[in-house]
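# Fold and geometry: a report
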Amino acid sequence: MTSTPFEALPLAAPLHRVLRELEYTTPSPIQAQAIPLLLQGRDLMGCAQTGTGKTAGFALPILQALHEQPRQIRSRCCRTLVLAPTRELAAQVGKSFTTYGRYVRFSQTLVYGGVGQVPQVNAMRRGVDVLVATPGRLLDLIDQRHIDLSQVEFFVLDEVDRMLDMGFLRDVKRIVALLPAKRQSLFFSATLAPNIVELARTILREPAHVSITPETTTAEKIDQQVCFLARDSKRPLLEQLLRAQANATEQKLTIVFSRTKHGANKLAKSLCASGFPADAIHGNKSQAQREKALDRFKKGLTPVLVATDVAARGVDVRDIGLVVNFDLPNEPEAYVHRIGRTARAGAEGRAVSFCSEDELEYLREIEKIIKMPIPRWDAHDWHIEALADHHSRGKFSAAAKSKSPGSPRRSGGQRRSHGRGR
Ligand code: AMP
């Protein structure tokens, strides 16, 4: 962790003022590395997940440029384009610009699907300094000639790994092709798989690289545990964890991850019936429903939120003390994103993953990408030693064997079930 204070960074007075008000004294590692490079006008390739402070890392230098060089903007144009994979993340980024830019004169609008386009079209008519958008709706409005990208000076691609997971590669390429060649581009991804590096190469010009690996930031403050148990035991163990949370002296919020929308709904309902106020967010809920659920969660009115991976993207709530992976994700990268919901901004958090027999292969893949075994937690009534044992033996042979988990030993009257899509 760097010890250089924010005051040492050459940021404009209105930005220092807001940082003081927010009581941000020390830049996070990604901010300390990225802000000076971005102020020099460099392109940037950032490997960092949410929770590292990357939003301020790019928003502050952009706001600084908007403050120092105010400009008349043409109708339908924007000076800054931030592309985000989901509307939640877009809303979150928009909120960060509003917060950090409190004392800067600039205009901003959000463009995402799931809501009427008329207010978005009207907002773009005057042109804006900052446009935060999701790819689909942005292209819709470009095709209808409501948005023109020819004047973009700053281009930010946020959470690119997620964007590609969600099938936005073609959309992203179409959007990039519409940008002017002279621009400053910033590219953020939590992972750097070859296809991501290849895409970055086509977008960035002599980029500076900054990398904040999860192991050295968020993840190390998270107390990670895995429980080996039968699928049917997940509910009672979850209730035990929630009861302990509710009885703790410091009230913290809990996010529970479900692999399917249907599972999320069912779980939230049954938790409510058992006396744990819970709500569900997933892709089938309207924007208004999701915002309402998030708002109630943030206020602690429903201290338990059951979410699918896509819906939880961009959920930035400070007081999440516990993440429960009720189902393990079938994409191992999602695990890193999920547990990153806790231990935000230097706080500490706990992430408990439930692993039933049919999920052993998922666990193996996760441990491969986080490059460590997740410590097991067996001090509960539903632990199945045979599963834990099977997993630890599997790990040593996994590298040599094919990807198939083989046929794990049945134990404890478990049912076999396989996760459906989100
Ligand atoms: P992000 O990774 O951009 O989603 O930021 C994670 C959280 O950290 C947000 O709640 C920010 O408000 C907070 N944050 C960002 N930078 C700092 C900082 N330098 N000091 C304290 N909190 C910060």
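Structure shown above.
As the structure is a prediction and not an experimental result, all values here were calculated from the model.

## A word on the overall build of the protein
Assigned secondary structure in the protein consists of 16 helices and 13 strands. In the protein, which comprises 422 residues, the share counted as buried stands at 55%. Excluding contacts between residues fewer than 6 apart, the proportion of contacts in the protein whose partners are at least 24 apart in sequence is 77%. Carbon and sulfur atoms form 51% of the exposed surface of the protein, whose accessible area is close to 18500 Å².

## Quick look at helix 8 (residues 169-177)
Along helix 8, the positions that sit buried rather than exposed are Val172, Ile175 and Val176. Each buried residue of helix 8 sits inside an arc of 100 degrees when the element is viewed along its axis, so together they form one side. Opposite the buried face of helix 8, at more than 90 degrees from it, the exposed residues are Arg170 and Ala177. Those residues of helix 8 that are buried lie in contact with strand 2 (78-83), helix 6 (135-143), strand 5 (154-157), helix 7 (160-165) and helix 9 (194-203).

## Section: the sheet that holds strand 6 (residues 184-189)
A sheet is described by the order of its strands in space; here seven strands give the open sequence 3-4-2-5-6-1-7, paired in parallel fashion. Only two strands of the sheet have a single partner each, and these edge strands are strand 3 (108-111) and strand 7 (208-211). On average, adjacent strands in this sheet sit at an angle of 15 degrees to one another, irrespective of strand direction. Pairing of strand 5 with strand 6 involves four bridges; the strand directions are parallel. Counterpart to Leu157 in the pairing with strand 6 is Phe187. In this fold helix 2 (residues 29-39) packs onto strand 1 (44-47), strand 6 and strand 7, with an angle of close to 165 degrees to the strand it touches most, strand 7. Seen against the sheet, helix 9 touches strand 1, strand 5 and strand 6 and runs at an angle of roughly 170 degrees to strand 6.

## With respect to the sheet that holds strand 13 (residues 349-355)
Within a sheet, adjacent strands bond to each other through the backbone by hydrogen bonds, running parallel or antiparallel. Overall, parallel pairing links the six strands, which are arranged 8-13-12-9-11-10 in an open sheet. This sheet does not close on itself; its edge strands, each paired only once, are strand 8 (222-228) and strand 10 (278-281). Direction aside, the axes of adjacent strands within the sheet are offset by 20 degrees on average. Note: strand 12 (residues 320-325) against strand 13, four bridges, orientation parallel.

## So, the pairing of strand 12
Most of strand 12 is tucked away: six of the six residues are buried. Judged from the five bridges that link them, strand 9 (residues 253-257) and strand 12 form a sheet pairing that is parallel. Its bridge partner being in strand 12, Leu253 is matched across the sheet by Ile320.

## A look at the pattern of salt bridges
Once the charged atoms of two side chains with opposite charge are near each other, the side chains can pair. With the rule as written, the count across this model stands at 27 salt bridges. Here Arg162 ties to Glu331 by a salt bridge, and the two come within 3.9 Å at their closest N and O atoms. Of this pair, Arg162 sits in helix 7 while Glu331 sits in the loop between strand 12 and helix 14 (332-339), placing them 169 residues apart in sequence. Arg162 gets classed as buried once you look at its relative accessible area, which sits at 2%. Of the residues examined, Glu331 reaches a relative accessible area of 24% and is grouped as partly exposed. Across the pair Glu239 and Arg243 runs a salt bridge whose closest N-O atoms are separated by 3.6 Å. You can see Glu239 and its partner Arg243 sitting in helix 10 (residues 234-247), four residues apart, about one turn around the helix. For Glu239, a relative accessible area of 13% puts it in the buried group. A residue is classified by how much of its surface remains accessible, and Arg243, at 42% relative accessible area, is partly exposed. Salt bridges sharing partners connect three or more residues here, namely Arg231, Lys234, Arg259, Asp327, Asp358 and Glu359.

## What about the packing of aromatic side chains?
Per the counting criterion, the structure on display carries four aromatic pairs. The interplanar angle of 50 degrees and the centroid separation of 6.3 Å between the aromatic rings of Phe58 and Phe97 together place this pair among those described as tilted. Residue Phe58 is found in helix 3 (residues 54-68), and its partner Phe97 is found in helix 4 (residues 87-100); the two are separated by 39 residues along the sequence. Its relative accessible area of 0% is what places Phe58 among the buried residues. Aromatic pair Phe58 and Phe188: ring centres 5.5 Å apart, planes at 40 degrees, arrangement tilted. Taken together, the residues Phe58 in helix 3 and Phe188 in strand 6 connect sequence positions 130 residues apart.

## Here we look at the pairing of strand 11 (residues 304-307)
Burial of strand 11 is two-sided: the residues Val304 and Val306 facing one way and the residues Leu305 and Ala307 facing the other way are all buried. The sheet contact formed by strand 9 and strand 11 spans four bridges and is parallel. Following the sheet pairing, Ile255 is matched in strand 11 by Leu305. By the bridge criterion, four bridges tie strand 10 to strand 11 in an arrangement that is parallel.

## A word on the site of the ligand
The immediate surroundings of the ligand are formed by 17 residues, with Tyr24, Gln31, Gly51, Gly53 and Thr55 found nearest. The separation between an oxygen atom of the ligand and a polar main-chain atom of Thr52 is 3.0 Å. One of the backbone nitrogen or oxygen atoms of Lys54 is found 3.4 Å away from an oxygen atom of the ligand. Taking 500 Å² as the accessible area of the ligand by itself, protein coverage stands at 86%. Taken together, the residues of the shell around the ligand break down into five nonpolar, eight polar and four charged. Residue-level mapping places the shell around the ligand at the junction of two domains, with at least three residues from each of domain 1 (6-211) and domain 2 (222-402).

Cut-offs used in this document
Residues numbered from 1 in each chain as written. Predicted model: local features only at pLDDT ≥ 70, side-chain atom pairs only at ≥ 80, totals over all residues. Heavy atoms only, no water. Helix = DSSP H or I, 4+ residues; strand = E, 2+ residues; numbered from the N terminus. Buried < 20%, exposed > 50% of the residue type's maximum accessible area, 1.4 Å probe, protein only. Contact = heavy atoms within 4.5 Å. Areas by Shrake-Rupley, 256 points an atom, 1.4 Å probe, with all protein chains shown as cover. Arc of directions from axis to C-beta. Pairing = 2+ DSSP bridges. Axes fitted to C-alpha atoms, helices over the stretch in contact; angles between N-to-C directions. Salt bridge = Lys/Arg side-chain N within 4 Å of Asp/Glu carboxyl O. Phe/Tyr/Trp six-rings, centres within 6.5 Å; stacked < 30°, edge-to-face > 60°. Near = heavy atom within 4 Å. Polar contact = N/O pair within 3.5 Å; in protein donor to acceptor, adjacent residues only side chain to side chain. Nonpolar A, V, L, I, M, F, W, Y, C, P; charged D, E, K, R; others polar. Domains from an automatic or database assignment.

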